[in-house]
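# Summary of the model geometry
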Amino acid sequence: MIYVCKIGEKSPISTFSGHQDEINTIKWDPSGTLLASCSDDCTAKIWSPNSPEPLCDFREHTKEVYSIRWSPNTNQKLLVATASFDGAIKLWDVNASKCISTLAKHQDPVYAVEFSPNGEFLASGSFDRYIHIWSVKDESLVRSYFGGDKGGIFEVHWNAAGDKIAACFSQSSVVVIDPRM
């Protein structure tokens, strides 16, 4: 269950029910009007506070969906990206309620995904110890960084300028890379 609450109120103002297992991540869209969630039930959902039913119910992953992120590009298609333990990243067109791309180069579960600040690129991090940087426009793999003995990658994050990506690894390391190099 997802509860939307108001400070000082005893009852939730909205309740979203639909996931059948643990919910791993929730994120508001850039306008703050839609909520995205992903779950161990292999699904991702898009919710509106005005409806108890999901606006979108994305079901193409074959294993747990661990991470979900909105594209910051609000003047183009409304996109979300999901990262799954099936090793794939999927791009979803929210308005069309469909998958528009599957990015599949990782060999192990993908824990992290994030759009660049301008929405043109997507960084993904996996337990296979790779950070991949993808072009959102043509779905190509632009760059890869291998973390070696640092272990699997649990999180990736772009800086505001879009010229650095920080990643945290399972072996107590954080690496900052310049994706332009």
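As a starting point, this report considers the structure included with it. Predicted model, so just to flag it, every value in this text is computed and none were measured. Per-chain numbering applies: the sequence of each chain, read as written, is numbered from 1 onward. Local features are withheld for residues below a pLDDT of 70 in this predicted model, meaning they are given only at 70 or higher, and side-chain atom pairs are given and counted only at 80 or more; totals for whole chains, interfaces and linings count all residues. By convention in this description, side-chain values take in all heavy atoms of the structure and omit both hydrogens and water.

To continue, consider the pattern of salt bridges. Once their charged atoms are close, side chains differing in charge can pair, the charge on each being opposite to the other. Here, a salt bridge means any side-chain nitrogen of Lys or Arg that lies within 4 Å of a carboxyl oxygen of Asp or Glu. Inspection of the entire model under this criterion finds five salt bridges. Of the charged contacts, one joins D57 and R59 as a salt bridge, the two residues approaching to 3.0 Å between their closest N and O atoms. Across the pair D178 and R180 runs a salt bridge whose closest N-O atoms are separated by 2.7 Å. For every residue, the accessible area (1.4 Å probe, protein chains only) is compared with the maximum for its type, and the residue is labelled buried under 20%, exposed over 50%, or partly exposed between those bounds. A relative accessible area of 18% places D178 in the buried class.

Working definition: the strands of a sheet are paired by backbone hydrogen bonds and lie parallel or antiparallel to each other. One bridge is not enough; two strands pair if DSSP finds at least two bridges between them. The way it works is that DSSP assigns letters per residue, a run of H or I at least four long becomes a helix, a run of E at least two long becomes a strand, and they are numbered from the N terminus. Spatial strand order, β11-β12-β13-β14: four strands in an open sheet with antiparallel pairing. Each edge of the sheet is formed by a strand with only one pairing partner; in this case those strands are β11 (110-115) and β14 (141-146). Geometrically, the sheet is characterised by an average inter-axis angle of 15° between neighbouring strands, direction not taken into account. Judged from the five bridges that link them, strand β12 (residues 121-126) and strand β13 (residues 130-135) form a sheet pairing that is antiparallel. Note on β13: the bridge partner recorded for L122 is W134. Helix axes are fitted only over the stretch in contact, all axes being lines through C-alpha atoms; the angle between N-to-C directions runs from 0 to 180 degrees.

By nonpolar core is meant a set of buried Ala, Val, Leu, Ile, Met, Phe, Trp, Tyr and Cys residues that side-chain atoms within 4.5 Å join together. In this structure, I46, F58, I68, W70, V80 and V94 are the most contacted members of the largest nonpolar core, which totals 15 residues. Breaking this core down by element, the ones donating at least two residues are β4 (35-39), β5 (44-47), β6 (56-58) and β7 (65-70). When residues in this core are grouped by element, the largest group, three residues, is from β7. In what follows, residue pairs with any heavy atoms lying within 4.5 Å of each other are defined as contacts. In this structure F58 touches C42, T43, A44, I46, V80, W92, D93, V94, S97 and K98, once residues within four positions along its chain are discounted.

The subject of this paragraph is the packing of aromatic side chains. Pairs were defined over the aromatic rings of Phe, Tyr and Trp, the Trp ring being its six-membered one, requiring ring centres within 6.5 Å. Orientation was assigned from the angle between planes: stacked under 30 degrees, edge-to-face over 60, tilted for the rest. With the rule as written, the count across this model stands at nine aromatic pairs. Note on Y66 and Y111: the rings are 4.9 Å apart at their centroids and 75° apart in plane angle, and the pair reads as edge-to-face. With Y66 in strand β7 and Y111 in strand β11, this residue pair connects regions lying 45 residues apart in the sequence. A residue is classified by how much of its surface remains accessible, and Y66, at 32% relative accessible area, is partly exposed. Look at Y111 and F154: their rings are 4.9 Å apart centre to centre, the planes differ by 85°, and that puts the pair in the edge-to-face class. In this pair, Y111 is assigned in strand β11 and F154 in strand β15 (residues 153-158), connecting sequence segments 43 residues apart. Accessibility expressed as a relative area gives 17% for Y111, which makes it buried. Given a relative accessible area of 32%, F154 falls into the partly exposed group. Ring-pair connections join several aromatic residues into one group, and the members of that group are Y66, F85, Y111, F127 and F154.

This part is about the environment of V176. Checked against the element boundaries, V176 lands in strand β17 (residues 173-177). The exposure class of V176 is exposed, given its relative accessible area of 55%. It is 36 Å that separates the C-alpha atoms of V176 and S48, two residues lying 128 residues apart in sequence. Not counting the four nearest positions on each side in its chain, V176 is found in contact with K164, I165 and A166.

You will see that R129, though not glycine, has its phi angle at about 80°, which is positive. Structurally, R129 is set in the loop between β12 and β13.

Strand order in the open sheet made by the four strands is β7-β8-β9-β10, with antiparallel pairing throughout. The open sheet has two edge strands with one neighbour each: β7 and β10 (98-103). Averaged over all pairs of adjacent strands, the angle between their axes in this sheet comes to 25°, without regard to strand direction. The pairing of β7 with strand β8 (residues 79-84) spans five bridges and is antiparallel.

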